[in-house]
Amino acid sequence: MSRKRLPQSIKKLKASAEELYGVRGKQLKRFSEKNMAFKKVSEDLGRPWFEVWSQKMLGQYKKGQIGDKVHVASVKEARSHVALWVGASTWNRLTMPYGEGHENEGFLSWKPINVPPPFQGNPESDPDPGDLTKKVKQIARFLGANRVGIAKLNRKWVYAETCRNIYSPDTPLTKKIVFKDVKEPDETENELIIPDRVRFAVVTIMDLNHILASIGSSSVDTSVATNIGYSRMGLTDVALAEAIRTMGYTAIPCKNSTGLSIPMAIDAGLGQLGRNGLLITPEFGACVRIGKVLTDMPLIPDRPIDFGVTEFCENCMRCAKTCEVGAISFDKRSTEPPVETGNPGALKWYVNGKACLNYWIDSGASCTACQAVCPFTQSHYEVLDPSVVWEMEVAPFGIENR
Ligand code: SF4
Ligand code: SF4
């Protein structure tokens, strides 16, 4: 698909994500993490989904495969791909895997970790929001983000509750996420408390390696692409939070925890929602992961953008045709999700999260086909031979790596 056939101009909108989703003034229930696909599929299986997924992946490796349909030359060769995957997952694991269910845990602490005490809770007087916005964006870029935007925090996008046992089939262990007039973020036996004055999200974009994301359609290598994204996200979110705290402000690093990343990224002017249920960015298409740090730092929010994604998706259907399990809708946008892993009431293309995750389990990998195939991604989707991994020009962390 030629870039010329894609919409070319980017407009800044007055409408917020709340208006784009058609939920302004309506009672949209805040989403609960207990309805995430990871939890619901684990409940269906009666076992942690990740355990079943890992067993499948290891079983395939012993047959010289790195995916349900992806063969390599030998078991030895398959092991090298698995080694890359374990390496790629490492910083993701250390910074609390993926984030969901880990609010205020480990490196996702809501309190300073290594900030010198004189700087904590002690901002300079007479702050200049324009200057702080410029500085915080530049810091995020240096720390690993490909793109950064500022969203005015809409509490509709903050989860109603965390789910502490999100990969377990057991009864959900939930804890409410509430806003209160308190000085610092806090956690009690029943609540995670965000200070009322936390009014912004610094949203970060991590570009995924487009070639890795194309090997499969679902393979250990596509999981590598995803995990490098989460590793970079963890390093960036945690370090950015520490930098914001050193400026004297509150910072809540999230990864996938605490709230919905896509609407926050839309509010931050970083992209639009696609038929594949993912953020489509002008620079990297759908091949991204989204981090976020919530803060009370006085900042200047960005505006949502429109570069023609909705109209293009209405006719394109490429992701829906590519998805092997029919998880992506061919229909018009709707306010009703097909399964309980979606939050009803927002006008959008809902994805069947359970069908998608079950495909990941069946393929022993994390599928990225609907990201790689999207014309906005401009990927090398045709590249299917896993040996390309060992010949690839490798870009350092934080640099565009197509
Ligand atoms: S990730 Fe794969 S299975 Fe899931 S919706 Fe996209 S194409 Fe379908
Ligand atoms: S593949 Fe086509 S329909 Fe799907 S998200 Fe991309 S542009 Fe939209």
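Residues numbered from 1 in each chain as written. Chains lettered and ligands numbered in written order. Predicted model: local features only at pLDDT ≥ 70, side-chain atom pairs only at ≥ 80, totals over all residues. Heavy atoms only, no water.

## Details of the overall build of the protein
Each helix and strand counted, the protein has eleven helices and 14 strands in total. A principal-axis box enclosing the C-alpha atoms of the protein has dimensions of 65 × 40 × 40 Å. Taking all 402 residues of the protein together, 56% fall into the buried category. At a minimum sequence separation of 6, the contacts of the protein that also span at least 24 residues come to 75%. Surface summary for the protein: the accessible area is close to 17,400 Å², and the carbon and sulfur share equals 55%. A distance of 3 Å separates the average location of the 51 positive side-chain charges in the protein from that of its 45 negative side-chain charges. (Helix = DSSP H or I, 4+ residues; strand = E, 2+ residues; numbered from the N terminus. Buried < 20%, exposed > 50% of the residue type's maximum accessible area, 1.4 Å probe, protein only. Contact = heavy atoms within 4.5 Å. Areas by Shrake-Rupley, 256 points an atom, 1.4 Å probe, with all protein chains shown as cover. Lys, Arg positive; Asp, Glu negative; His and termini not counted. Charge placed at Lys NZ, Arg CZ, Asp CG, Glu CD.)

## A few points about the site of ligand 2
If you check the shell around ligand 2, you find Arg275, Asn276, Ile280, Phe312, Cys313, Cys316, Met317, Arg318, Cys319, Cys374, Pro375 and Phe376 and nothing else. Mapping ligand 2 onto the cavity grids shows that it belongs to the second largest cavity. Counting residues per element, the ones that place at least two in the shell around ligand 2 are α8 (309-316) and α9 (318-322). Per-class residue counts for the shell around ligand 2 are nine nonpolar, one polar and two charged. (Near = heavy atom within 4 Å. 1 Å grid on protein atoms, 1.4 Å probe; cavity = no way out; pocket = protein on both sides within 12 Å on 5 of 7 lines; lining within 4 Å. Sits in = over half its atoms within 2 Å of the grid points. Nonpolar A, V, L, I, M, F, W, Y, C, P; charged D, E, K, R; others polar.)

## Regarding the site of ligand 1
Around ligand 1, the surrounding shell consists of Cys323, Val325, Ala327, Ile328, Cys356, Tyr359, Trp360, Cys367, Ala369 and Cys370. It is helix α10 (residues 353-363) that provides the largest number of residues to the shell around ligand 1, a total of three residues. The residue makeup of the shell around ligand 1, split by class, is ten nonpolar, no polar and no charged.

## Some remarks on the nonpolar core
Within soluble globular proteins, side chains that are nonpolar generally end up buried alongside one another. Ranked by size, the top nonpolar core spans 71 residues in total, and within it Tyr21, Trp49, Trp53, Ile194, Val203, Met264 and Leu294 carry the most contacts. Sorting elements by how many residues they give to this core places helix α3 (residues 49-61) first, with six residues. Apart from residues no more than four positions distant in its own chain, Met264 is found in contact with Ala151, Leu153, Trp157, Val158, Ala201, Val203, Gly259, Lys292 and Leu294. If you look at the next biggest cluster of nonpolar residues, it comprises 20 residues, including Phe200, Met233, Leu240 and Ile244. (Core = buried A, V, L, I, M, F, W, Y, C linked by side-chain atoms within 4.5 Å.)

## Considering the packing of helix α5 (residues 129-142) against helix α6 (residues 220-246)
Axis separation between α5 and α6 bottoms out at 9 Å; the angle between their running directions is 145°. Read as a crossing pair, α5 and α6 show a hand that is right-handed. In contact with Val136, Ile139 and Ala140 of α5, α6 contributes Thr236, Leu240, Ala243 and Ile244. Looking at the contact of α5 with α6, its residues break down into six nonpolar, one polar and no charged. (Axes fitted to C-alpha atoms, helices over the stretch in contact; angles between N-to-C directions. Left-handed = near helix turned anticlockwise from the far one by under 90°.)

## Digging into the sheet that holds strand β7 (residues 186-187)
Spatially, four strands are ordered β5-β6-β8-β7 in an open sheet, and the strand pairing comes out mixed. Each edge of the open sheet carries a strand with a single partner, namely β5 (161-163) and β7. Here two bridges tie β7 to strand β8 (residues 191-195), and the two strands are oriented antiparallel to one another. Within β8, the residue paired with Glu187 across the bridge is Leu192. (Pairing = 2+ DSSP bridges.)

## Some remarks on the packing of α3 against helix α4 (residues 75-94)
Where α3 meets α4, the axes come as close as 9 Å, and the angle between the chain directions of the two elements is 150°. Compared by their axis directions, α3 and α4 come out roughly antiparallel. Contacts from Phe50, Trp53, Met57 and Tyr61 of α3 reach α4 at Val75, Ala78, Arg79, Val82, Trp85 and Arg93. (Parallel < 35°, antiparallel > 145°, perpendicular 65-115°, else oblique.)

## Some details on the side chain of Thr281
With respect to the element layout, Thr281 can be found in the loop between β12 (279-280) and β13 (288-295). Every residue in contact with Thr281, bar those within four places of it in the chain, is listed here: Ile205, Leu270, Gly271, Val288 and Phe307.

## A word on the side chain of Ser223
Residue position: Ser223 is located in helix α6. With residues up to four places along the chain from it excluded, the contact list for Ser223 reads Trp53, Trp85, Ala365 and Ser366.

## A look at α10
With respect to burial, α10 is a largely interior element, eight of its eleven residues being buried. Residues of α10 that are buried: Gly353, Lys354, Ala355, Leu357, Tyr359, Trp360, Ile361 and Ser363. Lining the buried residues of α10 we find α2 (37-45), α3 and β2 (65-67). Two to three positions downstream of the cap, the backbone nitrogen of Lys354 sits 3.2 Å from a side-chain oxygen, assigning the N-cap of α10 to Asn352. In the segment just after α10, Gly364 is the residue with positive phi, at about 60°. (Polar contact = N/O pair within 3.5 Å; in protein donor to acceptor, adjacent residues only side chain to side chain.)

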